[in-house]
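# Structural overview
Listed below, chain by chain, are the residues.
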Amino acid sequence: MSETNTAAEVAAPHRYTAALAADIEARWQDAWDAEGTYEAPNPSGDLAGDPAVVARPKKFIMDMFPYPSGAGLHVGHPLGYIATDVYARYHRMTGHNVLHTLGFDAFGLPAEQYAVQTGTHPRVSTEANIVNMKAQLRRLGLGHDKRRSFATIDPAYYKWTQWIFLQIFNSWYDEEAKKARPIAELVEQFESGRREVPGGRAWSELTAAERSDALGEYRLAYASEAPVNWCPGLGTVLANEEVTADGRSERGNFPVFKSKLRQWNMRITAYADRLLEDLDALDWPEAIKLQQRNWIGRSVGARVDFAVEGHAEAAVTVFTTRQDTLFGATYLVVAPEHPLVTEDEAHRSAIPAAWPEGTHEDWTGGHATPAEAVAAYRKEAAAKSDVERQADAKEKTGVFTGVYAVNPVSGEKLPVFTADYVLMGYGTGAIMAVPAHDSRDFAFARAFDLPMRCVVQPADDRGTDPAAWAESFDSYDAEIINSAGEGISLDGLVVSDAKARMAEWLTERGIGEATVNYRLRDWLFSRQRYWGEPFPIVYDEQGVAHALPESMLPLELPEVEDYSPRTFEPDDADTEPETPLSRNEDWVNVTLDLGDGPKRYRRETNTMPNWAGSCWYELRYVDPHNDQQLVSPEAEQYWMGPREGQPHGGVDLYVGGAEHAVLHLLYARFWSKILFDLGHVSSAEPFHKLYNQGMIQAYVYRDARGFPVPATEVEEREGAYYFQGEKVSRLLGKMGKSLKNAVTPDEICAEYGADTLRLYEMAMGPLDVSRPWDTRAVVGQYRLLQRLWRNVVDEATGEVTVVDSEADDATLRALHKAIDGVAQDLANLRFNTAIAKITELNNHVTKLREVPRSVAEAMVLLIAPLAPHIAEELWRKLGRSGSVVHADFPVADPAYLVDEAVICVVQIKGKVKARLEVPPSISDEELEKVALGDPAVVAALGGAGIRKVIVRAPKLVNIVPA
Ligand code: ANZ
């Protein structure tokens with residue numbers, strides 16, 4: 001501490017200083033732990049508690065749990081944790097049983113990479129990080145029920161992650177019932193003949209391997225040869241998000257190849273509609289709902305089969321959302337990975353040996369034959385990412401395949417192109433191009449000199465000849481033209497009706513049908529890593545996958561010597577991942593009795609993705625020590641069960657960053673729905689209310705080379721910034737160690753105390769907007785706490801100075817106005833305005849000669865959720881027994897909320913004719929109306945007209961008669 005503080009401490013030994021705050025905070029944190037102050041009782045089981053508390057309404061308040069990184073926390077991290085803590089404390093004080101705790105999401109890449117570099121076991125480094133982070137968080141005074149905390153790497157936790165995997169593996173999605181059901185019920189349907197066995201044979205005739213394949217087509221967790229992003233340089237498969245736009249690994253910048261690999265997948269696509277529909281009832285930010293809707297990407301359209309000319313066996317099926325424009329299709333495009341241009345012989349034979357007569361020279365790419373042109377183009381496309389391929393602004397590229405298809409509605413011959421603006425992974429990987437009404441097709445047709453036909457009447461005056469247009473006409477809200485053919489005419493129909501009519505026509509002829517397409521893909525669930533949950537799966541000698549029985553869970557991660565996947569020459573695409581677990585032969589090869597005697601098996605050697613552990617952790621908080629069941633139904637229903645008048649239940653408030661808009665939240669919702677379908681939980685949604693906190697930003701200072709310099713050593717001189725005499729630039733950005741601008745909560749706690757840090761973070765602005773950190777501004781909140789302290793405690797003696805007299809009227813009004821406002825603000829996560837109101841009240845009280853005890857107590861209660869340590873200390877000093885944590889939040893007396901009336905004088909020709917009692921906030925218009933309607937004024941005017949009324953609300957109205 002600085003010398004001035006020491007001097008001040010001598011004069012006022014009981015002043016609220018950092019040293020006193022440190023003492024108060026440590027003392028109460030210990031006491032709260034010892035007394036289990038934040039423990040929330042369950043209705044039954046090992047965490048059962050006071051039935052009177054259980055009988056209260058419940059609130060389950062949750063943060064997105066942290067990854068225990070080695071860097072520890074900076075002040076940006078706890079923003080959300082403090083916010084949920086304030087909210088939880090407010091609800092404890094308003095009669096709720098509050099579940100608030102925090103665990104750790106501890107599997108994942110950083111720990112594994114650290115292990116690779118240092119040889120430290122990821123468990124060792126991760127657990128050390130957790131200890132460190134827990135100490136940092138404890139210093140903030142967060143009211144967590146510590147009995148309920150865990151890490152996803154605890155075998156007692158991941159036993160149940162594995163158990164859930166088995167439930168998913170052992171179930172299928174019944175399209176009729178629209179829900180997951182046990183796989184045994186599907187087997188029973190195959191056995192009894194109620195459902196046809198794929199391939200048409202009897203179930204009893206199939207070998208074990210054939211049965212396994214047949215069931216694999218249905219299981220919600222299934223292994224398949226899936227195209228993946230294989231990065232030989234890293235020796236691992238990457239998620240799409242980990243691949244840069246130019247097809248390289250974000251980490252290490254190695255080439256990434258599309259390769260096929262046997263991988264576990266989760267059939268999330270089966271839940272696409274329910275994941276969409278159930279969004280409606282959730283109290284989530286609209287922006288997040290929209291991102292989820294876009295991710296799922298439901299498109300209603302049709303599939304249309306186009307016969308290939310001269311090859312009766314081949315057809316190109318397209319997916320279109322605009323089957324109403326079929327008469328306007330003038331060419332087809334297949335993706336460069338489409339069977340027509342790849343391995344599929346039936347199709348490939350359709351590609352002619354030579355360019356057909358009259359082929360436009362722009363269509364050949366300068367190649368001698370279609371086969372050469374296609375091969376060259378495919379190679380070019382393989383080097384690009386999907387994002388690049390779809391970029392709208394970029395020039396359209398492609399080549400003619402030499403193949404012609406037949407438009408089924410007009411009989412017209414359409415050239416088939418391959419072009420990379422069509423993606424294999426969407427729809428059918430083939431499109432019918434309608435250049436007049438689709439901007440991408442329009443650009444392509446222009447570039448390749450292809451015909452265009454207008455079949456939707458433009459709403460503007462551009463006419464119906466697309467050759468004269470500057471752009472395509474893409475509207476859905478118009479009428480169809482030029483669309484009459486064999487047995488069908490769409491002319492005069494609006495788009496929506498024409499779509500329906502065309503779908504009917506296609507269905508009647510068996511050449512297409514209405515269909516719904518989703519952007520959503522099944523979830524690739526295998527990782528070639530060490531530090532993740534092992535799969536509870538073994539393979540027999542035929543390669544058939546078997547689930548381990550529950551009694552063999554958890555399947556613990558074995559010790560290995562080398563944590564890194566094997567890496568290869570970065571350019572060697574013909575390699576395959578070798579996982580760390582696969583090298584441990586003793587673990588991999590096992591003899592197990594799975595019910596039919598001991599047999600040899602080989603374990604699955606991939607691990608689950610990092611998302612798995614965060615897909616269900618809310619359920620573990622509810623019943624953290626249960627080793628018999630995933631979660632006890634009673635505890636689950638109590639904390640998570642459906643709420644009145646709502647289809648679902650779920651966590652009452654879930655706070656985290658908007659960067660988790662899609663994947664984590666979608667996966668967690670998906671698992672909830674499966675568990676719900678299978679009867680393990682009562683809510684099909686995990687999180688009822690979601691809130692995204694903003695980010696704490698910080699200035700990043702960079703030198704001339706662009707490297708960040710330590711922010712604390714930068715000096716400001718006349719609006720410019722200098723580091724060691726050199727001028728540096730300043731920009732607002734993220735906070736972090738690598739940017740050399742991190743401020744730790746530990747530093748701020750040491751300088752001011754945790755209560756000040758908490759207040760400052762909550763006062764910085766509305767919770768959902770990003771805000772720049774400013775260490776110099778923290779002192780403002782420190783002063784608030786000092787003044788509050790001084791209003792109650794004598795700084796020289798440490799005695800409480802409050803008096804037992806009643807508060808005066810003005811103070812009561814100020815107090816109840818603050819109570820009313822703060823209560824509403826806290827209930828609605830408006831912590832910054834709550835603090836402003838408390839500050840205003842405190843300023844009022846500071847001016848009083850004496851502070852009435854009732855006012856002091858109320859102020860302490862108001863600030864308790866925000867600054868719990870000082871509140872607890874003052875509460876006890878005021879002689880109250882029992883923790884402030886469970887005291888009742890004050891309730892505003894409405895009598896003090898109405899404004900005091902003021903007297904308004906009404907004059908006519910300068911003479912007072914009436915005195916009216918009006919509220920001080922009355923508007924001029926309102927006051928004029930009241931004045932003119934007053935009986936005394938009406939009488940005084942005696943029916944005379946009015947020339948002018950001068951209003952000075954709330955005190956004066958002057959009427960000038962005509
Ligand atoms: C003909 C047509 C005419 C189309 C028209 C649009 C406008 P959404 O809404 O995103 O589902 N399409 C289909 N599969 C594709 C693929 N694999 N790669 C690139 N584009 C593809 O978009 C569906 C539309 O996108 C489809 O409808 C198809 O073009 C194109 F006036 O078919 B449309």
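Residues numbered from 1 in each chain as written. Predicted model: local features only at pLDDT ≥ 70, side-chain atom pairs only at ≥ 80, totals over all residues. Heavy atoms only, no water.

With that settled, consider the packing of helix 23 (residues 779–792) against helix 27 (residues 868–877). Contact pair helix 23 / helix 27: the axes reach a minimum separation of 11 Å and the direction vectors enclose 5°. Taken together, helix 23 and helix 27 sit at an angle that is classed as roughly parallel. When helix 23 is examined against helix 27, the residues Leu785, Leu788, Trp789 and Val792 are found in contact with a partner set consisting of Ile870, Glu873, Leu874 and Lys877. Partitioning the contact of helix 23 with helix 27 into residue classes produces six nonpolar, no polar and two charged. (Axes fitted to C-alpha atoms, helices over the stretch in contact; angles between N-to-C directions. Helix = DSSP H or I, 4+ residues; strand = E, 2+ residues; numbered from the N terminus. Parallel < 35°, antiparallel > 145°, perpendicular 65-115°, else oblique. Contact = heavy atoms within 4.5 Å. Nonpolar A, V, L, I, M, F, W, Y, C, P; charged D, E, K, R; others polar.)

Look at helix 5 (residues 109–118) against helix 6 (residues 122–138): their axes get within 8 Å of each other, and the N-to-C directions meet at 125°. For the element pair helix 5 / helix 6, the angle class is oblique. Where helix 5 crosses over helix 6, the two elements pack in a sense that is right-handed. Contact residues: Ala111, Tyr114 and Ala115 in helix 5; Pro122, Ser125 and Thr126 in helix 6. A breakdown of the residues in the contact of helix 5 with helix 6 according to their chemical character gives four nonpolar, two polar and no charged. (Left-handed = near helix turned anticlockwise from the far one by under 90°.)

Turning our eyes to something else, we now look at the sheet that holds strand 33 (residues 956–961). The four strands are arranged 31-30-33-32 in an open sheet whose pairing can be described as mixed. The sheet is open, and its two borders are formed by strand 31 (911–918) and strand 32 (946–952), each paired with just one other strand. Going across the sheet, the axis of each strand differs from the next one's by a mean of 15°, ignoring polarity. In this sheet, strand 31 lies alongside strand 30 (residues 902–908) in antiparallel orientation, the contact comprising seven bridges. (Pairing = 2+ DSSP bridges.)

We now examine the sheet that holds strand 1 (residues 58–63). A sheet is described by the order of its strands in space; here four strands give the open sequence 2-1-22-23, paired in parallel fashion. Here the strands that pair on one side only, and so sit at the sheet edges, are strand 2 (97–100) and strand 23 (690–692). Across this sheet, the average inter-strand angle for adjacent strands is 20°, counted without regard to direction. Sheet analysis places strand 1 next to strand 2, joined by four bridges and oriented parallel. For Lys59, the partnering residue across the bridge sits in strand 2 and is Val98.

As a further point, take the UniProt feature "domain: Methionyl/Leucyl tRNA synthetase" (unreviewed entry) in the chain. Here the UniProt feature "domain: Methionyl/Leucyl tRNA synthetase" (unreviewed entry) sits at residues 64–168. Secondary structure across residues 64–168 comprises 53% helix and 4% strand; the distance between its end C-alpha atoms is 24 Å. (UniProt positions renumbered as here; feature names shortened; annotations may be inferred.)

Neighbouring residues of the ligand: 17 residues in total, closest Ser299, Thr320, Leu423, Tyr426 and Arg519. Here a nitrogen atom of the ligand sits 2.7 Å away from a polar atom, N or O, in the main chain of Leu423. Here an oxygen atom of the ligand and a side-chain polar atom of Tyr426 are 2.4 Å apart. Coverage of the ligand by the protein amounts to 87% of the 640 Å² it exposes when considered alone. Within the residue set of the shell around the ligand, elements represented by two or more residues are strand 9 (311–320) and strand 13 (430–433). For the shell around the ligand, the class distribution of residues is eight nonpolar, five polar and four charged. (Near = heavy atom within 4 Å. Polar contact = N/O pair within 3.5 Å; in protein donor to acceptor, adjacent residues only side chain to side chain. Areas by Shrake-Rupley, 256 points an atom, 1.4 Å probe, with all protein chains shown as cover.)

Bridge analysis of strand 18 (residues 537–539) against strand 21 (residues 598–603) gives two bridges, and the strand direction is antiparallel. Pairing of Tyr539 across the sheet is with Arg602, part of strand 21. In terms of strand pairing, strand 20 (residues 589–593) meets strand 21 through five bridges, oriented antiparallel. Looking at strand 21, one finds that Leu592 is bridged to Lys599. Once strand 20 ends, the chain turns through four residues before running back antiparallel as strand 21, passing Gly595 with a positive phi of about 115°.

Ranked by size, the top nonpolar core spans 187 residues in total, and within it Phe165, Phe525, Trp671, Trp773 and Phe831 carry the most contacts. Setting aside residues up to four positions removed in sequence, Phe525 forms contacts with Phe165, Trp264, Asn265, Met266, Phe535, Thr607, Met608, Pro609, Ala612 and Trp671. In terms of nonpolar packing, the next biggest core, distinct from the first, is built from 62 residues, Tyr377, Ala430, Leu490 and Ala498 among them. (Core = buried A, V, L, I, M, F, W, Y, C linked by side-chain atoms within 4.5 Å. Buried < 20%, exposed > 50% of the residue type's maximum accessible area, 1.4 Å probe, protein only.)

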